[in-house]
Amino acid sequence: MNKRIKMWMMAAILICGVSLTGCGNKNAKEQVVDEPAQVEQVVSDAELCNMAVNDYLVNVIGKNYAEAECCIPSPYIISTEDGNKDDVLVWGDFWVFNYDVVGDTLKTVSGGNHPGLMHLKKTDKGFEVIGFDAVEDGAGNMESAKRIFGSYFDAFWNVNSNQEKREDIRLHFIADYVKEHNLPVKMVQDYGWPAVALPE
């Protein structure tokens with residue numbers, strides 16, 4: 001999958017019926033206005049899966065790192081197989097970082113990379129992660145990555161080994177998070193590196 005999926009923003013379909021009343025010979029004060037139309041928000045299974053992945057990254061993996069004010073996931077979804085709603089498979093290059101807000105800058109406190117395969121199950125509230133096959137660190141890294149990603153390994157490696165691409169993905173996730181949470185932030189700074197402006 002070449003498309004970056006934004007995990008905490010829901011792509012919703014708004015379905016609304018709008019009733020309009022003709023003016024006829026009535027003046028503005030006499031016009032009858034119908035009650036506001038009800039708006040129904042429909043969230044796709046794909047978006048619900050993305051939300052579950054983000055929740056897992058923040059509340060399970062992110063909590064293993066030094067705490068900070070903000071925990072922002074940066075997952076790159078390689079592929080998804082959703083034929084079995086009791087075991088939806090989501091392969092990805094999963095990153096999560098914790099940041100403190102200092103003036104107009106997010107300062108990186110902690111975080112890291114957790115590529116692998118997440119297993120999700122459909123529930124009454126959406127989806128939840130029920131298992132995670134993580135790529136091993138150290139000597140078993142490449143072997144376990146090939147085993148877990150299988151035919152998707154090349155797509156995974158194309159992202160995981162490309163620092164420029166990874167950083168672009170991370171900056172866009174941070175920018176989305178900043179906008180959604182109305183943070184007065186314009187920059188992000190990793191320890192020992194100069195601050196970098198967030199994309200508009």
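Bear in mind that the values here come from a model prediction, so they are computed numbers and not experimental data.

Participant: Would you explain the pairing of strand 5 (residues 105-113) in this entry?
Facilitator: The side chains of a regular strand alternate between the sheet's two faces. When strand 4 (residues 88-102) meets strand 5, the two strands line up antiparallel, connected through eight bridges. For asparagine 98, the partnering residue across the bridge sits in strand 5 and is serine 110. Where strand 4 folds back onto strand 5 in an antiparallel hairpin, the turn is made up of two residues, including glycine 103, whose phi is positive at roughly 65°. Bridge analysis of strand 5 against strand 8 (residues 187-189) gives three bridges, and the strand direction is parallel. What sits directly across from leucine 106, in strand 8, is valine 188.

Participant: Whenever I open this one, the packing of aromatic side chains confuses me. Can you help?
Facilitator: Both the distance between ring centres and the angle between the ring planes are used here to describe each pair of aromatic rings. Scanning the entire structure with this criterion turns up nine aromatic pairs. Seen in terms of ring centroids, tryptophan 91 and tyrosine 152 are 4.8 Å apart; in terms of plane orientation they differ by 55°. Their pairing is tilted. Taken together, the residues tryptophan 91 in strand 4 and tyrosine 152 in the loop between helix 2 (141-149) and helix 3 (153-160) connect sequence positions 61 residues apart. Here the aromatic rings of tryptophan 95 and phenylalanine 97 are separated by 5.8 Å at their centres, their planes lie at 10°, and the arrangement is stacked. Clustering of aromatic rings is evident, with ring pairs tying together Phe149, Phe153, Phe156 and Trp157.

Participant: What exactly am I supposed to notice about the packing of helix 2 against helix 3 here?
Facilitator: Angle between the axes and distance between the axes: these two values describe a pair of packed helices. Running from N to C, helix 2 and helix 3 point in directions that differ by 130°, and their axes come no closer than 8 Å. One finds that helix 2 runs oblique with respect to helix 3. Here Met142, Ala145, Lys146 and Phe149 of helix 2 lie close against helix 3, whose contacting residues are Phe153, Phe156 and Trp157.

Participant: For this particular structure, what's the right way to read the side chain of serine 110?
Facilitator: Structurally, serine 110 can be placed in strand 5. A distance of 2.7 Å separates the side chain of serine 110 from the backbone oxygen of alanine 66, its partner in a polar contact.

Participant: What should I look at first to understand the layout of surface pockets in this one?
Facilitator: Where empty space is left can be seen by rolling a probe of water-molecule size over the atoms. Each pocket or cavity is described by its volume, and for the largest pocket that value is around 360 Å³. Elements with a contribution of two residues or more to the lining of the largest pocket: strand 3 (70-81), strand 4, helix 4 (163-180) and strand 8. Among the elements that make up the lining of the largest pocket, the one with the highest residue count is helix 4 (five residues). Counted by class, the lining of the largest pocket contains nine nonpolar, three polar and five charged residues.

What counts and how
- Residues numbered from 1 in each chain as written.
- Predicted model: local features only at pLDDT ≥ 70, side-chain atom pairs only at ≥ 80, totals over all residues.
- Heavy atoms only, no water.
- Pairing = 2+ DSSP bridges.
- Helix = DSSP H or I, 4+ residues; strand = E, 2+ residues; numbered from the N terminus.
- Phe/Tyr/Trp six-rings, centres within 6.5 Å; stacked < 30°, edge-to-face > 60°.
- Axes fitted to C-alpha atoms, helices over the stretch in contact; angles between N-to-C directions.
- Parallel < 35°, antiparallel > 145°, perpendicular 65-115°, else oblique.
- Contact = heavy atoms within 4.5 Å.
- Polar contact = N/O pair within 3.5 Å; in protein donor to acceptor, adjacent residues only side chain to side chain.
- 1 Å grid on protein atoms, 1.4 Å probe; cavity = no way out; pocket = protein on both sides within 12 Å on 5 of 7 lines; lining within 4 Å.
- Points joined across faces, edges and corners; volume = space filled by probe spheres on them.
- Nonpolar A, V, L, I, M, F, W, Y, C, P; charged D, E, K, R; others polar.

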